[in-house]
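Descriptive analysis of the structure
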Amino acid sequence: MVSKPFAVLTAFLFTLATLSTSSAFPNLQIPNRDMMKRQEVEDSSASQAGGGRPGQGVDPPPPPGPLSFDGLKLVNDRDHPWRPLRNGDVRGPCPGLNTLASHGYLPRDGVATPAQIITAVQEGFNMDNSAAVNAAYLGHLLNGNQVTDLLSIGGLTPKTGPPPPAPAHAGGLSVHGTFEGDAGLTRADEFFGDNHSFNQTLFDKFVDFSNRYGGGFYNLTVAGELRFSRIQDSIATNPQFAFKNVRYLTAYGETVFPINFFVDGRETERKLSMEAAASFFRDMKFPPDFHRSSHPTSGEGIEQVIAAHPWLPGGNADGQLNNYVVDPTSADFTDPCGLYVFVVGALQGLYPNPTGILRRNLIKNLGYFYNNGFSQCTELHPFGQL
């Protein structure tokens, strides 16, 4: 049974790919060192995101609430034209966020505050508010700059401000093992190099499976078959394949999000055309006259995808291909509090002794994360209370 908090969270944590560490989260161990990788600096210009300027601390506000109007709406409109990338603009592994930035729902440079991300995914895709808040703060806590309240939707950039003290980073959503993970639909595993750019070979497989199982459209039947196949691909080719904890959850979320968010809201059948898929995944562009969903949505369909080929969390052990071992300590869909405890442990590893503005903002942002989806769990205070 998929609990509501996980169904809500996983829908947006796309490729939203994530926290594929081998830690046993109940022990609050420091996460996989992949979490601490730093991405290449992409540009040195100032941020346009509206949070703190580089070097400037801010007091993070509470997350925005639901939209005042959450019905069907034209979103590829005159006020949000698509524009090509400029020198220094940042894009990452999430086609949804990339598209929102290219249309100006997010700052076009790809650096934003959590509040801007929450508002953008609601305005552009009609994402459920709780899903938006959970996704934004999970990504921001692990990959954003807590002092300036800025997050890169791609790799490390000075636009988010000075980096935090090691072992923490503000490396953005492209950092492997935090928000990006293995067995993605249109992005390659980090083991093979580029883990965040559109991969034509994988998209060709997406199209092939849509033709074989969906009559030329991507639907839940295709999603179940493609998710299972991508797992098998990584088992056979990636000796470092990890499919556990948050990545286990988000892999299923990213499998249904094209159906829930990329299908025009005027359509009665929830199936995605290949033309629309290419527009989002490859071109980072809304299709012409695109309307968002007619109602707030999140993780609908995850249960059907899981039921097609049930699979337990784990990974290739001992650096060997075809050596998948189930990890009984991993978070899964049956334990809503496991993810929360795991994230707290990861933060303790990244920020062992925060002080001043950094400590205050960690306490506030972790509280926002807890209050939007995990209030049934025992709240933890690794950095104390204000």
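Basis of the calculations
- Counting restarts for each chain, with residues numbered from 1 along the sequence as it is written.
- Reporting of local features is limited, given that this is a predicted model, to residues whose pLDDT is at least 70; pairs of side-chain atoms are given and counted only at 80 or more, and all residues count toward the totals for whole chains, interfaces and linings.
- The basis for the side-chain values is all heavy atoms of the structure; hydrogens and waters are excluded.
- Put simply, buried Ala, Val, Leu, Ile, Met, Phe, Trp, Tyr and Cys residues joined by side-chain atoms within 4.5 Å make one nonpolar core.
- Relative accessibility under 20% of the residue-type maximum defines a buried residue, over 50% an exposed one, and the middle range a partly exposed one, all with a 1.4 Å probe and only protein chains included.
- Only DSSP runs of H or I with at least four residues qualify as helices, and only runs of E with at least two residues qualify as strands; both kinds are numbered from the N terminus onward.
- Contacts are assigned to residue pairs that have any heavy atoms within 4.5 Å of one another.
- Two aromatic rings from Phe, Tyr or Trp, using only the six-membered ring of Trp, form a pair when their centres are within 6.5 Å; if the ring planes differ by under 30 degrees the pair is stacked, by over 60 it is edge-to-face, and anything between is tilted.
- Counting as a charge over the ring demands two things of the Lys NZ or Arg CZ atom: a distance within 6 Å of the ring centre and an angle within 35 degrees of the ring normal.
- When DSSP finds at least two bridges between two strands, those strands are taken to pair.
- To estimate the expected span of a helix, count its residues, drop one, and scale the result by 1.5 Å.
- The quantity known as pLDDT measures the predictor's confidence residue by residue, on a range of 0 to 100.
- Helix axes are fitted only over the stretch in contact, all axes being lines through C-alpha atoms; the angle between N-to-C directions runs from 0 to 180 degrees.
- In what follows, roughly perpendicular refers to angles from 65 to 115 degrees, roughly parallel to angles under 35, roughly antiparallel to angles over 145, and oblique to any angle outside these ranges.
- Ten residue types, Ala, Val, Leu, Ile, Met, Phe, Trp, Tyr, Cys and Pro, are classed as nonpolar, four, Asp, Glu, Lys and Arg, as charged, and the remainder, Gly among them, as polar.

**Some details on the nonpolar core**
Generally speaking, nonpolar side chains in soluble globular proteins are found buried as a group. If you look at the biggest cluster of nonpolar residues, it comprises 83 residues, and the most contacted ones within it are L97, L100, F206, Y218, Y252 and F369. Ranked by the residues each element gives to this core, the list is headed by helix α7 (residues 245–261), at 9 residues. Not counting residues within four places of it along the chain, the set of residues in contact with F369 comprises N134, Y137, L138, L141, Y340, V343 and F374.

**Remarks on unusual backbone geometry**
Backbone torsion omega between A166 and P167 reads 10°, so that peptide bond is classified as cis. Mapped onto the elements of the fold, P167 is located in the loop between β2 (151–152) and α5 (200–214). Look at D149: it is not a glycine, yet its phi comes out positive at around 65°. Considering the arrangement of structural elements, one finds D149 in the loop between α4 (129–143) and β2. The phi dihedral of N322 is positive, around 55°, even though this residue is not glycine. Tracing the chain through its elements places N322 in the loop between β6 (314–316) and β7 (324–326). Overall, the relative accessible area of 58% leaves N322 in the exposed class.

**Thoughts on the packing of aromatic side chains**
If you walk through the whole model with that rule in mind, you get 32 aromatic pairs. Ring centres of F369 and F374 lie 4.9 Å apart, and the angle between their planes is 45°; on these two criteria the pair is classed as tilted. Accessibility classification places F369 together with F374 in one group, the buried group. Here the basic side chain of R212 rests over the ring of F209, its NZ or CZ set 4.8 Å away from the ring centre.

**Section: the sheet that holds β6**
Reading across the sheet, the 3 strands line up as β4-β6-β7 and stay open at both edges, with antiparallel pairing between neighbours. The sheet is open, and its two edges are formed by β4 (242–243) and β7, each paired on a single side. Of the pairings in the sheet, the one linking β4 to β6 comprises 2 bridges and is antiparallel in character. Within the sheet, the bridge partner assigned to F243 lies in β6 and is G314.

**Structural notes on helix α3 (residues 114–125)**
End to end, α3 covers 16 Å across 12 residues, agreeing with the expected 16 Å (1.5 Å per residue, within 8%). Of the positions making up α3, those classed as buried are P114, I117, I118, A120, V121, Q122, G124 and F125. Looking one or two residues beyond α3, the residue adopting positive phi is N126, at roughly 60°.

**A closer look at the confidence of the model for the protein**
Per-residue pLDDT for the protein averages 87, and the proportion of residues at 70 or more is 85%. Between residues 1–50, whose pLDDT stays under 50, and residues either more than four places distant or in other chains, the model counts 202 contacts.

**Describing the packing of helix α2 (residues 95–102) against α3**
For the pair α2 and α3, interaxial distance at closest approach is 10 Å and the crossing angle is 90°. The angle between α2 and α3 places the two elements in the roughly perpendicular class. Taking contact as the criterion, the partners of G96, L97 and L100 in α2 are, on α3, I117, A120, V121, G124 and F125. Among the residues making up the contact of α2 with α3, the classes are represented as 6 nonpolar, 2 polar and no charged.

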